[in-house]
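As a plain string of letters, each chain reads:
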Amino acid sequence: MRALVITKPGGPEVLQMEERPVPQPGPGEIRVRVHASALNRADLLQRRGAYPAPPGAPADIPGLEYAGEVEAVGEGAGLWAPGNRVMGIVGGGGHAEYVVVHEREAIRVPQNLSWEEAAAVPEAFMTAYDALFRQLDLTMGERLLVLAVGSGVGTAAVQLASAAGATVIGTSRSAAKLKRAQSELGLEIGVDTSREDLAEAVNQATYGSGVHAVLDLVGGKLLETSLRVVALRGRVVVVGTTGGSKVEVDLGLLLRRRIHLFGTVLRSRPLEEKIALAREFSNAVLPLVSSARIRPIVDSTFPFDHVRAAHERMEENASFGKIVLTW
């Protein structure tokens, strides 16, 4: 099979297409012929040598998600048959023509999605769903602050939170991305952090009452600022650190407001936890996708032969939604 390989740490030029053996499914596993995958910040970090793959995942083949057809099933696997359309997340190796996953990790692709749209679902929507409802316990009527609404996870989070009856405030450094999020995704209030003070804007929008929950996809100084607008007993989950992994935190503020601050990541979780999330996600979110109440946002599509251009597109920070790669 063809596989995208990181030959050494560096820029997009270190990515090469190589021939690798087709993986064989073991007991309880399926082999999927990948039609499309998507690009994530983790792939860029892995390419630079800053985010190694977890144990069990290919060390030099990036890719955290896939959409494709079941081609073969291992011994004892009975949930899927050859030809079934499936998608899901992997610890790595998604940027290859074939992947092998446990059958219970795979998720049905709704009939109304193309391969490109399906590839834009797993990492963004599963991360957002897990963070919002399994970590933050977001409920109807609450106010949610999403940092970086134009990212893949951001576009998914706005839709999921809005569908659940929450009021969503979102940030971006691009007025154009905020406008799209408001017109297309259901974002109620947008804050341009390149021009506006986040704390001041949120306090004004909430009449000083703050937000109940924060989904932080940025980290760095925005985390420090967002803590100042969290209401009493509010919750903050950190999912990304593109803005920096180190920040000063006012512990007195956390104590006085009894704020719950925690972090989460999907990639390195044990198999059992990934299976549980996949099954819960299938029941809770797929009906919304099938009915088009929520939809994956595809920024752009590149053939795998042009993967370097896709990496450059993401590094420009101009994308809105997911950058998808196709075979």
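Reading the values: rules and limits
Residues numbered from 1 in each chain as written. Predicted model: local features only at pLDDT ≥ 70, side-chain atom pairs only at ≥ 80, totals over all residues. Heavy atoms only, no water. Phe/Tyr/Trp six-rings, centres within 6.5 Å; stacked < 30°, edge-to-face > 60°. Helix = DSSP H or I, 4+ residues; strand = E, 2+ residues; numbered from the N terminus. Buried < 20%, exposed > 50% of the residue type's maximum accessible area, 1.4 Å probe, protein only. Lys NZ or Arg CZ within 6 Å of the ring centre and 35° of its normal. Contact = heavy atoms within 4.5 Å. Expected span 1.5 Å × (residues − 1). Pairing = 2+ DSSP bridges. Right-handed = clockwise from strand over helix to strand, strands pointing away.

**Examining the packing of aromatic side chains**
Point 1. In this structure the tally under the stated criterion is three aromatic pairs.
Point 2. Between Y129 and F281 the ring centres are 6.2 Å apart and the planes differ by 80 degrees, which places this aromatic pair in the edge-to-face class. Separated by 152 residues along the polypeptide, Y129 in helix α3 (residues 122–135) and F281 in helix α9 (residues 271–284) bring together distant segments of the chain. The two residues Y129 and F281 agree in class, both being buried.
Point 3. Ring geometry for F304 against W327: centres 4.1 Å apart, planes inclined by 20 degrees, an arrangement best described as stacked. Of this pair, F304 sits in the loop between β14 (298–303) and α11 (307–315) while W327 sits in the segment after β15 (322–326), and the two are 23 residues apart along the sequence.
Point 4. The exposure class of F304 is buried, given its relative accessible area of 1%.
Point 5. Taking the relative accessible area as the measure of exposure, W327 reaches 25% and is therefore partly exposed.
Point 6. Sitting above the plane of the Y98 ring, R31 keeps its charged end 5.8 Å from the centroid.

**So, the environment of A201**
Point 1. Among the structural elements, A201 can be located in helix α6 (residues 198–205).
Point 2. Sequence separation between A201 and G190 is eleven residues, and the spatial gap between their C-alpha atoms is 9.1 Å.
Point 3. Discounting residues that sit within four places of it in the chain, A201 has contacts with V191 and E196.

**Structural notes on the side chain of S319**
Point 1. Position of S319 among the secondary structure elements: in the loop between α11 and β15.
Point 2. The exposure class of S319 is buried, given its relative accessible area of 8%.

**Quick notes on helix α4 (residues 152–163)**
An α-helical turn contains 3.6 residues, so a residue and the one three or four places further along point in the same direction.
Point 1. Relative to the 16 Å expected for twelve residues at 1.5 Å per residue, α4 spans 17 Å between its end C-alpha atoms, a close match to the ideal helical length.
Point 2. Burial runs high along α4: ten of the twelve residues are buried.
Point 3. Within α4, the full set of buried residues consists of G152, V153, G154, T155, A156, A157, V158, Q159, L160 and A161.
Point 4. Those residues of α4 that are buried lie in contact with α3, β8 (143–147), β9 (167–172), α5 (175–185), β11 (211–216) and β15.
Point 5. Just past α4, the residue G165 takes up positive phi, approximately 90 degrees.

**Details of unusual backbone geometry**
The bulk of non-glycine residues show a negative phi, and the bulk of peptide bonds are trans.
Point 1. Of note, A148 is a non-glycine position whose phi angle comes to about 80 degrees, a positive value.
Point 2. The topology assignment puts A148 in the loop between β8 and α4.
Point 3. The backbone of N317 sits at a positive phi, close to 60 degrees, despite the residue not being glycine.
Point 4. Inspection of the secondary structure assignment puts N317 in the loop between α11 and β15.
Point 5. On the basis of relative accessibility, which here comes to 47%, the residue N317 falls in the partly exposed class.

**Digging into the pairing of β14**
Point 1. Note that β14 and β15 share five bridges and pair parallel. Residue pairing for β15: S300 is matched across the bridge by I323.
Point 2. In this fold, the crossover linking β14 to β15 by way of α11 has right-handed handedness.

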